[in-house]
Amino acid sequence: MDRRQFVLGSAAAAGSVLNLPDLRAAAQSKPSQMVLMTWGGLWGDSMRDSADAAFESATGIKIIQDRGSSPAERITKIKVNINDQKFDLVQLHDGIVPLAMKQGALEPINRNSPRLTNLSNVPDRFIQSHWVAMIYSPLGIIYNEKLVKNPPTSFADLWRPEFKNRIVLPDINHSIGPYIVPIGSIAAGKAPTDTATGFEMLKKMAALQPIWAKDTDSIMNALRSEEAVIGLLYKSQAFTVQNWGTAVKWVYPKEGAILYSSGTAIAKGTKNLELAEQFLNLTLDPKIQTTYADKFNYPGTNTHMTGLLPPPLQERVRLTSEEMSRLIDLDHTTMADQRPDWTDRWNRIVSAG
Amino acid sequence: MSTQESVVRLSQVTKRFGQSVAVDQLNLDISEGSFFSLLGPSGCGKTTSLRMIAGFETPDEGDVFIRGQNVTRIVPHKRDFAMVFQNFALFPHMSVAENVAFGLKMTGVGKAEREQRAREALAMVRLPQFADRYPKQLSGGQQQRVAIARAIVMRPAVLLLDEPLGALDKNLREEMQVELRSLQQDLGIATVFVTHDQEEALTLSDTIAVMRDGRIAQRGSPSDVYERPVNRFVATFLGASNLLRGRILGTGKTARIDAGGIVIPLGDATGKDGDEIEIAIRPERMSVQLQGAAGMPAVIKAIVYKGATVSLYCDASGDERVVFVPGGHPSLTGLKTGASIVLSFDPAHAVPLRSE
Amino acid sequence: MGSGLSMNRQTAFWALLAPPLLFVGIFFVVPLLNLFWVSLHGASSSELFGSDLTGENYYRILTDSFYHTIILRTLWAGLSIMLLCLVLGYATAYVIAPLPPRTRLIMLLFLVAPLMVSNVIRAYGWIAILGRQGVVNSMLRSTGLIDGPLLLLNSFEAVAFGLMTILLPYMVVSIINALNAIDRQYIEAAQSLKANPFRTFIEVVWPLSSPGVASGTLLVFLLTLSAYVTITLLGGPRMKLLVSLVFDAVSGFRWPLAAALSFALLALALVVAGLILALLRPGRVQGRG
């Protein structure tokens with residue numbers, strides 16, 4: 001992982017020094033393939049089998065997945081290639097979109113494009129100027145029913161001293177790492193934007209010596225091994241942990257759950273803008289979105305999607321309108337702006353404390 | 001020799017490496033102040049014997065004594081000896097002075113005294129000005145002297161030398177031989193010297209033990225061993241020899257050489273009338289005469305001029321014979337390859353050999 | 001290459017050296033200089049780095065006590081892991097070195113076998129072993145030695161342990177080579193000069209093995225500095241070292257700070273490497289004091 005980071009840095013440096021020529025002739029008409037940067041593993045496989053396959057059968061163009069990079073690296077790759085773009089599409093989670101926009105890595109979404117037919121069935125909260133969410137999930141509390149006698153009901157319960165050493169939280173480098181600041185502030189009864197309170201709460205949390213997990217798999221593993229008895233997790237992933245046979249239960253916090261969403265954007269300077277729009281539209285297709293409900297218990301952003309699911313799955317995936325209305329939209333623009341600063345402050349509290 | 005008089009004694013010592021016997025029931029006595037050489041071809045057990053005195057090898061049978069103390073089971077660093085190794089083994093990370101003072105430091109001699117003694121030892125090997133150099137900065141001969149200084153500074157009961165001159169070139173070797181001998185005599189340290197070089201052994205030793213297959217073939221003074229070799233191995237390993245066949249006559253006091261019919265005295269060799277016997281004659285003890293004289297008729301195959309001597313390689317009825325004639329000797333006059341001559345010798349110089 | 005048959009040694013020297021020099025020049029020196037250039041700028045939200053030249057990144061690292069804490073921790077971690085590896089590695093090498101070549105090779109293969117597994121997988125292996133429900137805790141609990149599980153993960157000890165298993169082979173192999181390069185005659189010479197086994201080791205074996213010790217300790221220290229995966233997985237965020245801050249800075253797109261931190265890491269590496277060489281003086285084996 002360290003190496004990849006380093007190579008990326010060197011590639012950026014070497015590229016700017018040597019100004020390597022692009023060996024591929026710029027194919028203005030119909031390309032034979034297009035490049036999508038996304039996550040690896042089950043997610044990438046599902047993309048390949050759903051949207052990628054549908055796109056290939058509709059256009060005859062093969063989608064090549066670049067799975068090797070973290071979301072931040074994807075943005076850097078687009079930046080480095082901006083004068084001769086090798087990438088067409090990029091998948092990102094909501095939290096990093098403002099940063100990608102600020103870096104000028106994304107094409108704006110043309111809401112009037114005749115190719116974006118599914119856009120009308122996606123609620124506005126999922127559409128940003130340069131990106132459209134494909135799936136979402138509420139972020140709430142997960143706890144071990146067997147080991148926690150007094151079930152938690154709110155984010156504030158994470159700070160209960162009895163959970164010392166047994167809380168699992170995403171660390172600052174996790175895509176939702178900085179969320180602990182607004183969550184702390186919410187738990188203290190303040191607005192999510194009250195950063196000062198959020199960091200005060202982080203100090204209290206650090207004293208409880210939580211297990212800081214670098215990725216979502218680590219959160220889930222900590223719960224599975226019962227290293228942790230309580231933590232933060234997406235509702236969708238809670239089902240996975242349950243399927244492993246761990247006695248966990250997911251709770252919609254009474255302060256409201258945090259909305260997490262993930263979707264697709266078009267790489268700035270793509271040579272296949274119209275085809276990229278066509279692909280983006282496919283990710284919003286209700287039928288295709290059912291794949292993610294089926295595999296990950298993620299609700300899709302297309303309002304027609306739930307209806308296509310079998311009833312038991314509908315039950316798992318669906319949020320009541322009351323729950324839907326209490327979902328908290330974080331201020332990602334400010335948070336993305338502040339991320340380096342927050343990382344620094346977080347390190348000073350957690351790592352040097 | 002009794003235990004009290006000898007500095008080093010090996011008693012019935014046997015050492016095996018796997019199946020092979022390196023040293024076979026060896027007995028050795030090295031007396032105070034003597035220079036004792038173990039001479040033999042590689043694999044004869046001479047180095048193993050030396051290493052058993054040092055304690056680097058432990059005998060399978062028998063005992064090793066140093067100054068009367070049985071040291072067979074005593075570790076090397078508690079034995080009273082010093083050693084000069086084949087490649088000198090000077091510590092590369094220490095200066096010459098540090099190398100020489102090392103042993104004194106290990107035995108707890110104070111800094112001032114050991115520096116003084118190291119300086120003296122270096123003066124003795126004529127290297128006082130090299131104290132601060134490192135071994136790599138010295139020539140082979142200088143390293144050799146440092147190695148000797150490092151050993152003698154310990155004033156050991158016995159000095160062990162494992163082919164110490166082998167790494168030097170020929171001229172330096174001869175120079176070092178002389179130096180080593182005079183140093184040893186000055187200090188009077190009993191010395192055991194291992195070598196495969198017969199010339200070195202002859203030059204340096206009070207006593208030579210010629211070894212073969214883990215046993216001693218012959219021991220004695222250099223002239224004993226050279227002039228009166230007891231068997232064919234010693235006669236040929238130590239210098240060149242012409243080996244002749246003969247038969248014992250009458251009471252066994254004399255024998256007649258088959259070729260040429262010369263009759264020689266047998267001394268203490270034993271046998272009965274008609275027994276075959278082998279006789280050795282050194283090439284320098286043979287002489288060349290013109291055809292018609294009494295002796296062994298022969299034909300000259302080659303004449304090799306060596307300055308001080310001339311070697312004549314002859315064919316005497318199918319046997320090769322070698323004769324060393326002093327350069328410029330009158331008998332050489334007119335000799336050519338292919339000339340027919342007669343070889344003869346003084347019967348007193350004929351050495352009857354024991355069969356092996 | 002030049003004049004064929006009459007090509008002299010000088011030409012051959014440079015001809016043979018040119019490809020690696022060129023390679024190192026293009027792929028190491030140039031990017032490194034580029035990185036240094038980056039480190040002399042401020043951060044930018046839209047570009048890789050800001051436009052004005054500034055020393056603020058270095059000033060921050062030098063004056064901010066947070067960075068001091070992390071640098072000292074990095075130094076402490078590197079040195080203590082290095083010393084642990086040295087003690088264990090030397091002991092192992094000392095036992096393995098005199099074995100017959102075949103046996104030695106088999107032992108070395110065992111020793112190197114863990115290196116055939118990726119660092120990430122190995123770190124997860126340690127998590128399974130050291131975790132609350134891990135092998136160590138279940139064993140201790142079943143023997144009744146402890147009531148509740150011990151917290152073994154996310155600690156300096158976990159990182160040291162994990163790194164040691166990775167780095168020990170480097171140390172052992174370096175030292176074995178050095179020990180085997182020592183002529184037996186030196187050891188016998190020391191014995192013949194009345195040195196007991198302990199003094200023989202201190203005065204002769206240890207100094208003569210110093211080239212292996214130097215390369216082993218350098219390798220271990222430098223690899224510890226950059227062992228991001230193991231440090232992150234086994235140490236957790238509470239055990240962050242300099243390399244973790246480089247990663248954090250990169251994640252936040254603060255390339256200039258990341259570059260400056262990398263140079264701080266490089267400086268640390270060079271200083272410690274210099275100290276190791278000054279202390280061990282491996283050149284003395286060549287008789288240069």
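Residues numbered from 1 in each chain as written. Chains lettered and ligands numbered in written order. Predicted model: local features only at pLDDT ≥ 70, side-chain atom pairs only at ≥ 80, totals over all residues. Heavy atoms only, no water.

### Focus: the overall build of chain C
Here is step 1 of the chain: Of the regular secondary structure elements, chain C holds 13 helices and 0 strands.
Here is step 2 of the chain: Written out in order from the N terminus, the α and β elements of chain C read α-α-α-α-α-α-α-α-α-α-α-α-α.
Here is step 3 of the chain: Across its three principal axes, chain C shows a C-alpha extent of roughly 80 × 70 × 35 Å.
Here is step 4 of the chain: Counting over 289 residues, chain C shows a buried share of 46%.
Here is step 5 of the chain: By sequence separation, contacts in chain C at least 24 residues apart represent 67% of the contacts at least 6 residues apart.
Here is step 6 of the chain: Averaging the positions of the 17 positive and the 10 negative side-chain charges in chain C gives two centres separated by 11 Å. (Helix = DSSP H or I, 4+ residues; strand = E, 2+ residues; numbered from the N terminus. Buried < 20%, exposed > 50% of the residue type's maximum accessible area, 1.4 Å probe, protein only. Contact = heavy atoms within 4.5 Å. Lys, Arg positive; Asp, Glu negative; His and termini not counted. Charge placed at Lys NZ, Arg CZ, Asp CG, Glu CD.)

### Things to note about the confidence of the model for chain C
Here is step 1 of the chain: When pLDDT is averaged along chain C, the result is 88; 96% of the residues meet or exceed 70.
Here is step 2 of the chain: Within chain C, no element has a lower average pLDDT than helix H5 (residues 119-130) of chain C, which sits at 81, and none a higher one than helix H9 (residues 197-208) of chain C, at 96. (pLDDT = per-residue confidence, 0-100.)

### Brief notes about the interface of chain A and chain C
Here is step 1 of the chain: The partner chain C presents 37 residues to the 39 residues of chain A that form the contact.
Here is step 2 of the chain: Of the roughly 3500 Å² buried at the junction of chain A and chain C (both faces included), carbon and sulfur atoms supply 57%.
Here is step 3 of the chain: Summed over the shared surface of chain A and chain C, the result is 2 salt bridges.
Here is step 4 of the chain: Residues arginine 60 of chain C and aspartate 344 of chain A are paired through a salt bridge, measuring 3.4 Å at the closest nitrogen-oxygen approach. (Buried area = accessible area lost by both parts, 1.4 Å probe. Salt bridge = Lys/Arg side-chain N within 4 Å of Asp/Glu carboxyl O.)

### Looking at the pattern of salt bridges
Pairing is possible between side chains that carry opposite charge, provided their charged atoms lie close to one another.
All names here are of chain A.
Here is step 1 of the chain: Scanning the model with the defined rule gives 42 salt bridges over all chains in all.
Here is step 2 of the chain: The residue arginine 160 makes a salt bridge to aspartate 157 at a minimum N-O spacing of 3.4 Å. Grouping residues by exposure puts arginine 160 and aspartate 157 together as buried.
Here is step 3 of the chain: Salt bridges sharing common partners tie together Asp45, Arg48, Asp49 and Arg67.

### Some remarks on helix H7 (residues 216-224) of chain A
Here is step 1 of the chain: By the burial criterion, the buried members of H7 of chain A are Thr216, Ser218, Ile219, Met220, Ala222 and Leu223 of chain A.
Here is step 2 of the chain: In this fold, the buried residues of H7 of chain A make contact with strand S5 (131-144), strand S6 (167-170), strand S7 (211-213), strand S8 (230-234) and helix H8 (235-243) of chain A together with H5 of chain C.
Here is step 3 of the chain: Once H7 of chain A ends, the next one or two residues include glutamate 226 of chain A, with phi positive near 65 degrees.

### A look at the domain arrangement of chain B
Residues and elements named next belong to chain B.
Here is step 1 of the chain: Looking at chain B, the domain boundaries give domain 1 (6-232) and domain 2 (240-353).
Here is step 2 of the chain: A separation of 39 Å is found between the C-alpha centroids of domain 1 and domain 2.
Here is step 3 of the chain: Here domain 1 meets domain 2 over a buried area of about 770 Å², counting both sides, of which 43% is carbon and sulfur.
Here is step 4 of the chain: Between arginine 232 and glutamate 278 there is a salt bridge, and its shortest N-O distance comes to 2.8 Å.
Here is step 5 of the chain: Put simply, domain 1 and domain 2 have 4 residue pairs in polar contact (both at pLDDT 80 or more) between them.
Here is step 6 of the chain: At 3 residues, helix H7 (residues 222-227) tops the list of elements feeding residues into the side of domain 1 that touches domain 2. (Domains from an automatic or database assignment. Polar contact = N/O pair within 3.5 Å; in protein donor to acceptor, adjacent residues only side chain to side chain.)

### Description of a nonpolar patch on the surface
Here is step 1 of the chain: A cluster of nonpolar side chains, namely Leu22, Phe23, Val24, Ile26, Phe27, Phe28, Val29 and Leu33 of chain C, defines an oily patch on the protein surface of about 800 Å² accessible area.
Here is step 2 of the chain: Mapped onto the fold, phenylalanine 28 of chain C is located in helix H1 (residues 9-39). (Patch = residues over 30% accessible without salt bridge, like charges linked within 9 Å, V, L, I, M, F, W, Y side chains within 5 Å. Areas by Shrake-Rupley, 256 points an atom, 1.4 Å probe, with all protein chains shown as cover.)

### Quick look at the pairing of strand S7 (residues 158-162) of chain B
Residue and element names in this part refer to chain B.
Here is step 1 of the chain: Among the 5 residues in S7, 5 count as buried, and that is most of the element.
Here is step 2 of the chain: Sheet topology places strand S6 (residues 81-84) next to S7; 4 bridges connect them, and they run parallel. Opposite methionine 83, over in S7, you have leucine 160 as the bridge partner.
Here is step 3 of the chain: Examined bridge by bridge, S7 and strand S8 (residues 190-195) share 5 bridges and lie parallel to one another. Bridge pairing links leucine 159 to threonine 191 in S8. (Pairing = 2+ DSSP bridges.)

### Focus: the packing of helix H5 (residues 180-187) of chain A against helix H6 (residues 195-207) of chain A
Residues and elements named next belong to chain A.
Here is step 1 of the chain: Contact geometry of H5 with H6 gives a least axis separation of 7 Å together with a crossing angle of 95 degrees. Accordingly, the angle class assigned to the pair H5 and H6 is roughly perpendicular. On the side of H5, the interface is formed by Ile180, Val181, Gly184, Ser185 and Ala187, while H6 contributes Thr195, Thr197, Gly198, Phe199, Met201 and Leu202.
Here is step 2 of the chain: Counted by class, the contact of H5 with H6 contains 6 nonpolar, 5 polar and no charged residues. (Axes fitted to C-alpha atoms, helices over the stretch in contact; angles between N-to-C directions. Parallel < 35°, antiparallel > 145°, perpendicular 65-115°, else oblique. Nonpolar A, V, L, I, M, F, W, Y, C, P; charged D, E, K, R; others polar.)

### Examining the side chain of threonine 200 of chain C
Here is step 1 of the chain: Position of threonine 200 of chain C relative to the elements: it lies in helix H9.
Here is step 2 of the chain: What threonine 200 of chain C contacts, discounting residues up to four positions off in sequence, is Ile187, Ala190, Gln191, Ala195 and Val205 of chain C.

### Quick word on the sheet that holds strand S13 (residues 263-265) of chain B
Residue and element names in this part refer to chain B.
Here is step 1 of the chain: In space, the 5 strands of this open sheet follow the order S13-S12-S11-S14-S20, with antiparallel pairing throughout. Every other strand in the sheet has two partners, leaving S13 and strand S20 (351-353) as the edge strands with one partner each. Between one strand axis and the next, the sheet turns by 45 degrees as a mean value, whatever way the strands run.
Here is step 2 of the chain: Sheet analysis places strand S14 (residues 276-281) next to S20, joined by 3 bridges and oriented antiparallel. Considered in S20, the bridge of glutamate 278 is made with leucine 353.

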